[in-house]
Amino acid sequence: MDVNDLAKSLGDACYGFLATNFFWGLYHVIMGYRRVKRFSFKNKQQQAEFLEQLMQLLEGGKYDEAAQLCEDDERALPQLALMAIQNRSLGFEPMRQSVAEVLQRDVIGELEYRTSWIGTVIKSGPLLGLFGTVLGMMAAFGRIGSGEQTTPATIAAEISIALICTAMGLATAIPFNFFLASINVRVRKLQDSLAAGMVRILDQFKKRGV
């Protein structure tokens with residue numbers, strides 16, 4: 001196998017790399033949206049109603065009932081509140097630190113993992129596409145350089161096929177850029193709502209001298 005054949009083979013393989021890159025990014029986009037939806041309340045009113053109910057229980061010292069309210073709720077705020085309730089015997093500062101660690105590791109860390117991969121897919125798409133195009137053009141012009149009998153139409157067709165790689169890379173990067181921005185906006189809203197909710201919950205523990 002000469003260099004031209006190798007370039008053609010690698011150029012053809014780039015289609016597979018581009019498809020893998022696309023579906024890997026799509027997987028993380030879907031998982032990112034699902035995670036944000038799982039961690040978040042549907043709207044501010046729903047979160048306010050939950051907080052109101054929880055605060056009434058905490059103010060009355062009904063920790064078992066408060067824990068039961070949070071226990072079966074998979075959203076981030078109830079789970080963080082449950083951790084605060086379960087660790088209240090540690091004292092306020094150790095309890096607050098443990099809640100902050102869980103927030104960073106299990107909520108923010110999980111979402112950052114997804115967005116990091118989406119960002120990598122966005123960067124990799126055009127690079128893989130350009131790589132495939134360069135290899136395809138190397139193979140096409142290599143045929144001319146070898147003195148092989150060919151027509152301009154054949155060479156043009158091979159170059160146009162090679163350019164498909166660049167188009168595929170851009171077709172991945174452009175929409176995924178919007179997906180990433182959309183997920184980042186949702187993550188910021190989630191962080192803001194969690195911060196507001198946890199401030200109220202932790203203040204209540206602080207007032208009671210936990």
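**Description of the layout of surface pockets**
Logical step 1: Of the voids in this model, the largest pocket is the one considered here, and its volume is about 510 Å³.
Logical step 2: Ser 40, Phe 41, Lys 42, Asn 43 and Lys 189 are, among the 15 residues lining the largest pocket, the residues nearest its centre.
Logical step 3: It is helix H6 (residues 152–207) that contributes the most residues to the lining of the largest pocket, 5 residues altogether.
Logical step 4: For the lining of the largest pocket, the class distribution of residues is 5 nonpolar, 4 polar and 6 charged.

**Quick look at the pattern of salt bridges**
Logical step 1: Applying the stated criterion across every chain yields a total of 6 salt bridges.
Logical step 2: Between Glu 93 and Arg 96 there is a salt bridge, with the nearest N and O atoms lying 2.9 Å from each other. Here Glu 93 pairs with Arg 96, and both are found in helix H5 (residues 92–145), just 3 residues apart, close to one helical turn.
Logical step 3: Each of Arg 35, Glu 110 and Arg 114 takes part in a single network of salt bridges with overlapping partners.

**As for the nonpolar core**
Logical step 1: Residues Leu 54, Leu 58, Leu 77, Ile 85, Ile 201 and Phe 205 are the most contacted members of the largest nonpolar core, which totals 42 residues.
Logical step 2: Those elements giving two or more residues to this core turn out to be helix H1 (3–39), helix H2 (44–59), helix H3 (63–71), helix H4 (76–86), H5 and H6.
Logical step 3: Excluding residues that lie within four positions of it along the chain, Leu 77 makes contacts with Phe 41, Gln 47, Phe 50, Leu 51, Leu 194, Gly 197, Met 198 and Ile 201.

**Examining the confidence of the model for the chain**
Logical step 1: When pLDDT is averaged across the chain, the result is 87; 90% of the residues are at 70 or more.
Logical step 2: Of all helices and strands in the chain, the one with the weakest mean pLDDT is H1 (87), whereas H4 scores best (93).

**Considering the environment of Ser 40**
Logical step 1: Topologically, Ser 40 is positioned in the loop between H1 and H2.
Logical step 2: Beyond its immediate stretch of four places on either side in the chain, Ser 40 contacts Arg 75 and Leu 190.
Logical step 3: Within the structure, the side chain of Ser 40 is placed 2.7 Å from the backbone oxygen of Val 36, a separation counted as a polar contact.

The rules behind each value
- Residues numbered from 1 in each chain as written.
- Predicted model: local features only at pLDDT ≥ 70, side-chain atom pairs only at ≥ 80, totals over all residues.
- Heavy atoms only, no water.
- 1 Å grid on protein atoms, 1.4 Å probe; cavity = no way out; pocket = protein on both sides within 12 Å on 5 of 7 lines; lining within 4 Å.
- Points joined across faces, edges and corners; volume = space filled by probe spheres on them.
- Helix = DSSP H or I, 4+ residues; strand = E, 2+ residues; numbered from the N terminus.
- Nonpolar A, V, L, I, M, F, W, Y, C, P; charged D, E, K, R; others polar.
- Salt bridge = Lys/Arg side-chain N within 4 Å of Asp/Glu carboxyl O.
- Core = buried A, V, L, I, M, F, W, Y, C linked by side-chain atoms within 4.5 Å.
- Buried < 20%, exposed > 50% of the residue type's maximum accessible area, 1.4 Å probe, protein only.
- Contact = heavy atoms within 4.5 Å.
- pLDDT = per-residue confidence, 0-100.
- Polar contact = N/O pair within 3.5 Å; in protein donor to acceptor, adjacent residues only side chain to side chain.

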